[in-house]
Amino acid sequence: QVHLVESGGGLVQPGGSLRLSCAASGSIRAIESLGWYRQAPGKQRELVATFSRDVGTNYADSVKGRFTISRDNAKNTVDLQMNSLKAEDTAVYYCAADGRTAITGDFEYWGQGTRVTVSS
């Protein structure tokens with residue numbers, strides 16, 4: 001079992017930056033894939049960025065060049081650096097983890113989410 005806790009969300013002005021962090025605990029050695037997803041009001045959850053051993057790093061087209069996913073194995077965290085934020089980035093952001101080296105379907109483990117609001 002893996003437990004994920006996100007932090008770092010908040011209110012930011014358009015063009016600003018935020019760094020989200022996800023702390024993993026439990027059977028962390030089993031984690032092979034990590035990801036960040038988001039769900040905006042009235043919309044379905046969508047992929048933001050993922051990292052898996054077999055596939056490498058993958059980003060949604062809407063965040064390429066602005067967001068960066070990174071993993072710190074020593075701290076058991078996965079971060080999402082978000083730059084040049086836009087109003088359309090407003091959403092609840094979720095951290096996800098899985099023991100598979102490539103993901104088909106949903107990730108197995110999910111955090112509770114952290115809210116990001118981009119507004120002036």
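None of these values were measured; they are calculated from a predicted model.

This part covers the side chain of arginine 66. Within the secondary structure, arginine 66 is located in the loop between β6 (56-59) and β7 (67-72). Reaching out from arginine 66, the side chain makes a polar contact with the backbone oxygen of serine 84 at a distance of 2.9 Å. When neighbours within four sequence positions are excluded, arginine 66 is seen to be in contact with Gln81, Met82, Asn83, Ser84, Leu85, Lys86 and Asp89.

Bringing the pairing of β7 into the picture now. The sheet contact formed by β7 and strand β8 (residues 77-82) spans 6 bridges and is antiparallel. Across the sheet, threonine 68 pairs through a bridge with glutamine 81, a residue of β8. Hairpin geometry of β7 and β8 is characterised by an intervening segment of 4 residues between the two adjacent antiparallel strands and by a positive phi of about 55 degrees at asparagine 76.

Let us now look at the pattern of salt bridges. Enumeration according to the criterion identifies 8 salt bridges in this entry. Residues aspartate 89 and arginine 38 are paired through a salt bridge, measuring 2.9 Å at the closest nitrogen-oxygen approach. Of the two residues, aspartate 89 is situated in the loop between β8 and β9 (91-98) and arginine 38 in strand β4 (residues 33-39); the sequence distance between them amounts to 51 residues. Comparing aspartate 89 with arginine 38 shows no difference in burial state: the two are buried. The salt bridge involving aspartate 89 is made with arginine 66; its shortest N-O contact spans 2.8 Å.

Rules and cut-offs
Residues numbered from 1 in each chain as written. Predicted model: local features only at pLDDT ≥ 70, side-chain atom pairs only at ≥ 80, totals over all residues. Heavy atoms only, no water. Helix = DSSP H or I, 4+ residues; strand = E, 2+ residues; numbered from the N terminus. Polar contact = N/O pair within 3.5 Å; in protein donor to acceptor, adjacent residues only side chain to side chain. Contact = heavy atoms within 4.5 Å. Pairing = 2+ DSSP bridges. Salt bridge = Lys/Arg side-chain N within 4 Å of Asp/Glu carboxyl O. Buried < 20%, exposed > 50% of the residue type's maximum accessible area, 1.4 Å probe, protein only.

None of this, on its own, says anything about what the molecule does.
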